[in-house]
Each structure stands twice: as structure tokens, then as C-alpha cells.
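Residue-level listing of the chains:
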Amino acid sequence: MSDSIHERPLPAHHTKHLSTLRYTFHGHTFHLNQRDDGISNGTALWLGAQILSAYLANELKASRVRMRVGEQRRPRAVELGSGIGLTSLVLCSLGYDVLATDTTHVCDSVLRHNITANLQHLPSDAGSIQVRVLDWNIHSDRWQWNDPMRITPDGNPSNESGEPEKLLGPPFDLIVSSDTLYDASLIDPFFHTMSALSAFSLLHCQTPTFMPQKPPLVLLALERRDPQLIDRALSRSPVTLTQVPTKKLRKALERAGMSWDTEVWEGVEVWRGSLKSP
């Protein structure tokens, strides 16, 4: 069943039954496949991704992130748990080169398709997106940056190898994630992965080839379905996180044409911070 045409995005919980979403956002229309297959939460749209995308579009004005004359690269972002790809597509439309990551199942069932189908319709000055598997339970000393399909090995020899200069990797300027901390077993693997990405980014920034010289900004969107779980997760974060004021989120939603009643999204929070430089 396909989505009927909506001029403005509907809250995610109103569209779970739809297999295809026509999602209009800041002048772009994304066609996003989703699945309610009972295998993974990551194959459907969630409110956190909608709120985070609106906040990013409001905070990261396109004029501030386009590659300026003399710079060697675009700003670079990595998303943990990209799901159906909305946030990665929004960042790309703002001029970022984006590494969109998720589990093998999510990448193969919805994410790769949605990125490929929508990337070609973004303006010529948009960034790029690469999709790769990243398993948070695999230690960062086993990560591989030369495989175009996956960062974390799956135990099978890879038949593909990309050119290092064309594959996205550290340093990253921005780390984003939404709707990813919904189970206690995910908390430590998630933050270990986030810390490793921040550390890799700082390490690469010590070379003269790359800028900036500061840790990547972390933006995390959470839905407070289980307050105790969320409080526990925030207490274990290696990054000192500060909550974005609700009024800022409301303004971002309004500018994105998402004038929803506060009750619709009041459980969603956005937190931001960064690791301290050594």
C-alpha cells in the first residue's frame, strides 16, 4: 500500500502501515520504503528521525556547510542506525558527505534502496552518501575502512574493495543518531562505537591534510518511552550531553512545515555534545 500525497510530513506513528512514504521536506521530496516486518525496528520511520532532521535543517544552514573555496573536502557526517535513511538524506541535502550505517538486515532491506533511489534527485551541490554495515558489538580494532559494503567484518572474506580516497572515513565533523537507544543491551555498544568514531576523528585531525582540529559534534535524538532506560543511557554517555530546549525544536518543526501539536512529539528529546580533546 502506498502513501497518499501529503503536502506536509505526518508523524511517524500515523504512517507505520504504509510501505512507501512520500516525504516532502524543505523543498525536497523523498520517496522512502519502509517495512513493518517484525525483524528490526530500523526498517520503519520513527519520530526521533523526524525531529532530528528538522533540527539539523534549522541549525546547519546550507550556506554554512557548503565546501568553501580552498577547502579540501566537504563537511563529513556519520549516522549510527540510519534506518530508512531520512536523516542521512537531509544532511546530504545540506552539503554533507554522509556515511549512513546500520545492521546488515536494515542496509539490505530498506536503507541502500532508499539512498540510491533518492540521491539522484538531490541538487548538484548536495553532498554524497555511502551505506555500510556497522555492528556496534564488534570492537573498533577490527573495523575496516577499505570495504565499500561494511565497516565491521561478518566472518566472511569480502570480495569487494574500494579505493581508499573514495570511501568515507574519519575524520567526521558530525555524529548523529536517533531512535537507537530503546533496549538496555544497546547502551554500552552504542556509546563504545560513538567514542571510537570520535577518537578516530581526532586522530586523523592530527595530520595536516584534514581539518577541523576539534572533536565531532554529537547529536542524539531519543524518545522517552521508558524514562528509566533513557536516564540510564544518558548517565553512561562518555560525552557530556546538553538537552536542546523544546522551544528550539518547536521552531525547527514549524520551519519544516511540521506544525504538530506538542503532545504528538513531547516524548522526543535531542541532546548534543562532544568528547573533550586530549
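Before reading on, note that the structure itself is shown above.
Note that the structure is a prediction, hence the values are computed from the model and not measured. (Residues numbered from 1 in each chain as written. Predicted model: local features only at pLDDT ≥ 70, side-chain atom pairs only at ≥ 80, totals over all residues. Heavy atoms only, no water.)

## Digging into the pairing of strand β2 (residues 28-33)
A regular strand places its side chains on the two faces of the sheet in alternate fashion. Burial of β2 is one-sided: the residues H28, F30 and L32 facing one way are buried, the residues T29, H31 and N33 facing the other way are not. In the sheet, strand β1 (residues 20-25) pairs with β2 via 6 bridges, with the strands oriented antiparallel. Paired with T20 across the two strands is N33, which belongs to β2. In this structure, the hairpin formed by β1 and β2 is closed by a connection of 2 residues, where H26 is found at a positive phi of approximately 50°. (Buried < 20%, exposed > 50% of the residue type's maximum accessible area, 1.4 Å probe, protein only. Helix = DSSP H or I, 4+ residues; strand = E, 2+ residues; numbered from the N terminus. Pairing = 2+ DSSP bridges.)

## Description of the packing of aromatic side chains
Tallied over the full model, the rule gives 7 aromatic pairs. On the basis of an interplanar angle of 80° and a centroid distance of 6.1 Å, the ring pair of W143 and W145 is categorised as edge-to-face. For W143, a relative accessible area of 10% translates into the label buried. Among the aromatic side chains, those forming a connected cluster through ring pairs are W143, W145, F172 and F200. (Phe/Tyr/Trp six-rings, centres within 6.5 Å; stacked < 30°, edge-to-face > 60°.)

## Quick look at the pattern of salt bridges
Counting across every chain of the model gives 6 salt bridges. The partner of R236 in a salt bridge is D188, and the shortest N-O contact between them spans 2.7 Å. Of this pair, R236 sits in the loop between α6 (227-235) and β8 (242-243) while D188 is found in helix α5 (residues 184-204), placing the two residues 48 residues apart along the sequence. Note that R224 and E269 form a salt bridge whose closest N and O atoms lie 2.6 Å from each other. Remark: E269 occurs in strand β9 (residues 268-273) and R224 occurs in the loop between β7 (217-223) and α6; sequence separation between them is 45 residues. A single salt-bridge network, built from bridges that share partners, covers R224, D231 and E269. (Salt bridge = Lys/Arg side-chain N within 4 Å of Asp/Glu carboxyl O.)

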